[in-house]
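So the chains spell out like this:
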Amino acid sequence: MFVIGLDVGTTGTKALLIDENGKQQGRGYQGYKTIPGEGGIVEQRAEDWWEASVKAVKEACAGCEKSQVAALALSTQGASSLLVDADFHAIGNAVTWMDKRAMKEVEELEKKAGKGYYYSKTGWELSASLDACKMLWLKRNRREDAERALKFISTLEYMNYHLTGNAVIDPTNAAIRQMMDIQTWRWDEKILGDIGISSELLPEIKRTGEYLGTLTGNAAVELGLPAEVKVYNGAHDQYCCALGSGSVENGDLLLGTGTAWAVMSITDRPMLTKSGISPARHVVPGLWGALSSISGGGIVLDWWKDQMGGFTYEALNDGAVQKLGREEELMFFPYLTGAGCPVWDDRAKGTLTGLELKHDKLDVAVAVMEGIVFHTAMLLEDYRENGAQINSLRVMGGALNSRVWMLMLQAVLDCEVIRVTQTDAACVGAAMIAAVEYGIYKDYPMAVRTMVTYERMPDVSVKLKTFYRKKYEAYKKNWIIVREIYHSTGKKGVAI
């Protein structure tokens, strides 16, 4: 017996075929492009999501007995949305979560609702990238399209419709669309009124994992699967990653490390904070996720390597590990795109301090990596100050390939660090939804024990921990001074 986890992401779709013993038996992938434009536009063809899914599923299932495929569930990018007509055909392209065209609408909706209303209701600060502002923009700038639209949907609903004929969303995806009350799982009437739309334009919200039906005849033919395959309501990709990393208990903390770094704390209550951490219901009943992103992340190290370093990642890791715990004063503040949660400062810039003639490229590389880890530590402090219990940190993504990253994380962060060796966690999480709901496993903790692989890290030396705890405290004090520099200059950088 097999289940399929299908992850419809920003740059492509992955499919995993997993057996009842939690073992991967097949994998498929098909990429697609975004379509950039003037004024912050970043669009995507919704048709690409389905076409890529067909190819990925066929590739994943190529070597299996198709009659043994029992169930399927989705992991999807959030807040990439589109209008569809009465035949459920896309009206134009999807407006992705990276799109920034609706900046003016942010100010207008915040003025109507009052500061903090959107965050308190939806768990997300009002943003041009999310759907409340984008829908208002579409009404004004694509009026004819908006008027003939049957629905305004996102990736999950589009895919659910193609699979089963039911355009249903789940609470984790509905939350990031910024029109749902996260407490009641209902579209918020005040928000809809301020936008000027009816709830009839939006999809039905059903719990994550709810049974949606079997494959339609067309879907079965295109995917090459039996029509009897059962489809269960999926989740936002970050919540599927939480499942696929084994983060299913209060006190678990997930750190995703790639081009961007993201943190999700698993809590027993919604976490609304001054720093704007975003809560939503976890897939596991009774739990919540609290999501935030880290300023910089892997993209900052990529920038240094490409523009300043001249190293491969292998050479960087081999050389940098010899530099750990040596330079107390050399610090890098990784805010090349401004400082995010919990600092939130658009004026912040990337800043290197304490540089001397003795320092080389590897010294600077270590400082860049330290700055990203120090910001991660600041974020964890904010979680704790807001009542989050943190028992362990599960790390997944690119940092696992770097001994330097892992040693830093262990030395700086005041919790156990666990390596999630399970790859394609979003796909695994989606497959886990299908497996639990179909009845292969009685609950998510049992599924985690079977489907997720990880390893605990050996302790780092007391000497390295002492060095980094001391440097971290100095980093926080120096950040206050560095931040003031960018608040004491005019637009052209001239002191005033």
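Along each chain, the written sequence defines residue order, and numbers are assigned to residues from 1. Predicted model: local features are reported for residues with pLDDT of at least 70 only, side-chain atom pairs are reported and counted for 80 or more only, and whole-chain, interface and lining totals are derived from all residues. Remark: hydrogens and water are excluded; side-chain values derive from all non-hydrogen atoms of the structure.

As recorded in an unreviewed UniProt entry, the chain goes by Xylulose kinase and comes from Robinsoniella peoriensis. Under the UniProt heading Sequence similarities (unreviewed entry), the entry covering the chain gives this text: "Belongs to the FGGY kinase family." UniProt positions are given in the numbering used here, feature names are shortened, and annotations may be inferred rather than shown by experiment.

This part covers the pairing of strand S8 (residues 90-95). Strand pairing is defined by DSSP finding a minimum of two bridges between the two strands. Starting at the N terminus, helices and strands are each numbered in turn, a helix being any DSSP run of H or I of at least four residues and a strand any DSSP run of E of at least two. Pairing geometry for strand S5 (residues 42-44) and S8, over 2 bridges, is antiparallel. Counted as the bridge partner of Gln44 is Ala94 from S8. In the sheet, strand S7 (residues 81-84) pairs with S8 via 3 bridges, with the strands oriented antiparallel. Note that in S8 the partner of Val84 across the bridge is Ala90. Hairpin connection, S7 to S8: the antiparallel pair is bridged by 5 residues, and Phe88 has positive phi, about 65 degrees.

Further remarks concern the side chain of Ser80. As for its position among the elements, Ser80 is in the loop between strand S6 (69-76) and S7. Polar contacts, as counted here, are pairs of nitrogen or oxygen atoms within 3.5 Å of one another; within protein the pair requires one atom able to donate a hydrogen and one able to accept it, and residues that are adjacent in sequence qualify only if both atoms are side-chain atoms. Within polar-contact distance, the side chain of Ser80 engages the backbone nitrogen of Trp97 at 3.1 Å. Once residues within four sequence positions are removed from consideration, Ser80 is found in contact with Trp49, Val95, Thr96, Trp97, Lys134, Ile153, Ser154 and Thr155. It only takes one pair of heavy atoms within 4.5 Å for two residues to be counted as in contact.

The subject of this paragraph is the environment of Glu381. Structurally, Glu381 is set in helix H13 (residues 361-385). For every residue, the accessible area obtained with a 1.4 Å probe (protein chains only) is divided by the maximum for its type, and the residue is called buried under 20%, exposed over 50%, and partly exposed between those limits. Among the residues examined, Glu381 registers a relative accessible area of 28% and is labelled partly exposed. The spacing of Glu381 and Glu222 is 159 residues in sequence and 49 Å in space, taken between C-alpha atoms. Those residues in contact with Glu381 that sit more than four places away from it in its chain are Tyr472 and Lys476.

Strands sit in the order S4-S5-S8-S7-S9 across an open sheet of 5 strands; the sheet is antiparallel. Looking along the sheet, the strands with just one partner apiece sit at the ends: strand S4 (35-36) and strand S9 (151-154). Examined bridge by bridge, S7 and S9 share 4 bridges and lie antiparallel to one another. Bridged to Ser81 within S9 is Ser154. Axis lines are fitted to C-alpha atoms, over the contacting stretch for helices. Their N-to-C directions set the angle, which ranges from 0 to 180 degrees. The sheet strands contacting helix H4 (residues 131-141) are S7, S8 and S9, and the helix crosses S7 at an angle near 40 degrees. In this fold helix H6 (residues 155-164) packs onto S7 and S9, with an angle of close to 100 degrees to the strand it touches most, S9.

The UniProt record marks residues 3-244 with the feature "domain: Carbohydrate kinase FGGY N-terminal" (unreviewed entry), using the residue numbering of this structure. Helix makes up 36% of residues 3-244 and strand 28%, with an end-to-end C-alpha separation of 14 Å.

Of the residues making up helix H16 (residues 444-451), those classed as buried are Tyr444, Ala447, Val448 and Met451. Buried residues along H16 cover an arc of 105 degrees about the axis, so they all sit on one side. For H16, the secondary structure elements touched by its buried residues are strand S2 (12-19), helix H10 (237-244) and helix H15 (425-438). Two or three places before Met446, at the opening of H16, Asp443 has a side-chain oxygen 2.9 Å from that residue's backbone nitrogen. What the arc measures is the spread of directions leading from the helix axis to the C-beta atoms.

A separate point is unusual backbone geometry. A cis amide bond links Cys341 to the next residue, Pro342, at an omega of 5 degrees. When you line up the elements, Pro342 lands in the loop between strand S20 (331-334) and strand S21 (350-353). Even without a glycine there, the phi angle at Ala79 is positive, about 60 degrees. Within the secondary structure, Ala79 is located in the loop between S6 and S7. The class of Ala79 is buried, set by a relative accessible area of 0%. Even without a glycine there, the phi angle at Asp424 is positive, about 55 degrees. With respect to the helices and strands, Asp424 occurs in the loop between strand S23 (416-420) and H15.

Another aspect to go through is the packing of helix H1 (residues 46-60) against H6. Remark: H1 packs on H6, axes separated minimally by 10 Å, with the N-to-C direction vectors making an angle of 50 degrees. The pairing of H1 with H6 is recorded here as oblique in orientation. In the crossing of H1 with H6, the sense of the turn from one axis to the other is right-handed. Within the contact between the two elements, H1 uses Ala46, Glu47, Trp49, Trp50 and Ser53 and H6 uses Thr155, Tyr158, Met159, His162 and Leu163. Here the nonpolar group is Ala, Val, Leu, Ile, Met, Phe, Trp, Tyr, Cys and Pro; Asp, Glu, Lys and Arg are the charged ones; every other residue, Gly included, is treated as polar. A breakdown of the residues in the contact of H1 with H6 according to their chemical character gives 6 nonpolar, 3 polar and 1 charged. Roughly parallel here means an angle under 35 degrees, roughly antiparallel means over 145, roughly perpendicular means 65 to 115, and every remaining angle is called oblique. Crossing chirality is assigned from the near helix's rotation relative to the far helix, an anticlockwise turn below a right angle marking it left-handed and a clockwise turn marking it right-handed.

What follows covers the packing of aromatic side chains. Think of it this way: a Phe, Tyr or Trp ring, Trp meaning its six-membered ring, pairs with another when their centres are within 6.5 Å, and the plane angle makes it stacked under 30 degrees, edge-to-face over 60, tilted otherwise. One pass over the full model with this rule turns up 14 aromatic pairs. Judged by centre distance (6.3 Å) and plane angle (80 degrees), the rings of Tyr117 and Tyr118 are edge-to-face. Like Tyr117, the residue Tyr118 is buried in the burial classification. Each ring, one from Phe333 and one from Tyr475, has its centre 4.6 Å from the other, and the planes form 20 degrees; the classification is stacked. A residue pair is termed long-range when its members are at least 10 positions apart, and Phe333 in strand S20 and Tyr475 in helix H17 (residues 462-486) qualify at 142 residues. Given a relative accessible area of 0%, Phe333 falls into the buried group. An aromatic cluster is built from Phe333, Tyr335, Phe374, Phe467, Tyr468, Tyr472, Tyr475 and Trp479, whose rings are joined through pairwise contacts. Think of it as a cone above the ring: NZ of Lys or CZ of Arg counts as a charge over the ring if it is within 6 Å of the ring centre and within 35 degrees of the ring normal. The positively charged end of Arg177 is found above the aromatic ring belonging to Phe152, 4.7 Å away from the centroid. It is Arg394 that lies over the ring of Tyr454; its NZ or CZ is 4.8 Å from the centre.

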